[in-house]
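Survey of secondary and tertiary structure
Each chain, written out:
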Amino acid sequence: MKIFLTDQCNAFSRLLQEQMQKPIMRYNADRLKEKTDTIGIPGVKALADINSDVLFNYNIFPANIMSYLTQWQAEHRAMLVGDTILQQVFVPPIKSFSQKIIFGVRISEIINDRNKKGFSYETLEGHVEKGISTFTLESATDGVVFKIHTLSSPGNLLTKLIGPVFSLPYQKYCTQKALQHVKKNILSRSRGK
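A few points on the structure. (Residues numbered from 1 in each chain as written. Predicted model: local features only at pLDDT ≥ 70, side-chain atom pairs only at ≥ 80, totals over all residues. Heavy atoms only, no water.)

Here's the deal with the overall build of the protein
A tally of regular secondary structure across the protein gives four helices and eight strands. Ordered by position in the sequence, the α and β elements of the protein form the string β-α-β-α-β-α-β-β-β-β-β-α. For 193 residues, the compact-globule formula gives about 16 Å, and the C-alpha radius of gyration of the protein, at 16 Å, lands near that figure. A principal-axis box enclosing the C-alpha atoms of the protein has dimensions of 45 × 35 × 30 Å. Out of the 193 residues belonging to the protein, those deemed buried represent 47%. For the protein, contacts bridging at least 24 residues in sequence account for 62% of all contacts bridging at least 6. (Helix = DSSP H or I, 4+ residues; strand = E, 2+ residues; numbered from the N terminus. Rg over C-alpha atoms; globule rule 2.2 N^0.38 Å. Buried < 20%, exposed > 50% of the residue type's maximum accessible area, 1.4 Å probe, protein only. Contact = heavy atoms within 4.5 Å.)

Printed below as a string of structure tokens:
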């Protein structure tokens, strides 16, 4: 984790290379807190009707929460297992007036089934959380849902200490904004829209 007062977008290529060298944080999945959040995509009845580029281009979090550079975008190709994502998180969620916290995650699974599309990533050394997050678009009985499933715990002593007061409420806020952001983007790109 690195903390800056200025936007580091101009240094993203170098920072991504640094994150690519980091190992995945060690964790015991049985000791992580599990959480699942979902949002329905109204008016969309089938997964085939969705342009899943929003998901696979990692357009998940609003720009006031996070900016990023993915390894697959930097290398002009599709997502692969083992790819790294550089994340620059804005705390508070105001791009121009915030601390910029830099860390990374690594793609551990790509899901491309008939009724479920998405991916999982694991946090890299230095991340504020340790664990795994999965982002999926799934067929449901009443249409399609976007789901964020996490298994995580604080990644360092600081986040363990401030977690109940700051980290957990901020994480919940970011998750809710991500659900709304993906829903909005999918609806604007769905076939026939």
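After presenting the structure, the write-up continues.
Notes on the packing of aromatic side chains
All told, the structure shown has ten aromatic pairs when counted by the stated rule. Here Phe 119 and Phe 135 contribute two aromatic rings whose centre-to-centre distance is 5.4 Å and whose plane-to-plane angle is 35 degrees, an arrangement assigned as tilted. A residue pair is termed long-range when its members are at least 10 positions apart, and Phe 119 in strand E6 (residues 116-123) and Phe 135 in strand E7 (residues 129-140) qualify at 16 residues. Among the aromatic residues, those joined into a ring-pair cluster are Phe 56, Tyr 58, Phe 61, Tyr 68, Phe 119, Tyr 121 and Phe 135. (Phe/Tyr/Trp six-rings, centres within 6.5 Å; stacked < 30°, edge-to-face > 60°.)

Structural notes on the state of the cysteines
Inspection of the entire model under this criterion finds zero disulfides. Residue Cys 9 stays outside any disulfide, its sulfur separated by 17 Å from that of Cys 174, the closest cysteine. (Disulfide = S-S within 2.5 Å.)

Observations regarding the environment of Ile 85
On the secondary structure map, Ile 85 appears in strand E4 (residues 84-91). Placed 69 residues apart in sequence, Ile 85 and Leu 16 show a C-alpha to C-alpha distance of 7.2 Å. In this structure, Ile 85 is in contact with Leu 16, Tyr 58, Tyr 68, Leu 69, Thr 70, Trp 72, Phe 103, Gly 104, Val 105, Ile 107 and Tyr 121, ignoring residues within four places of it in sequence.

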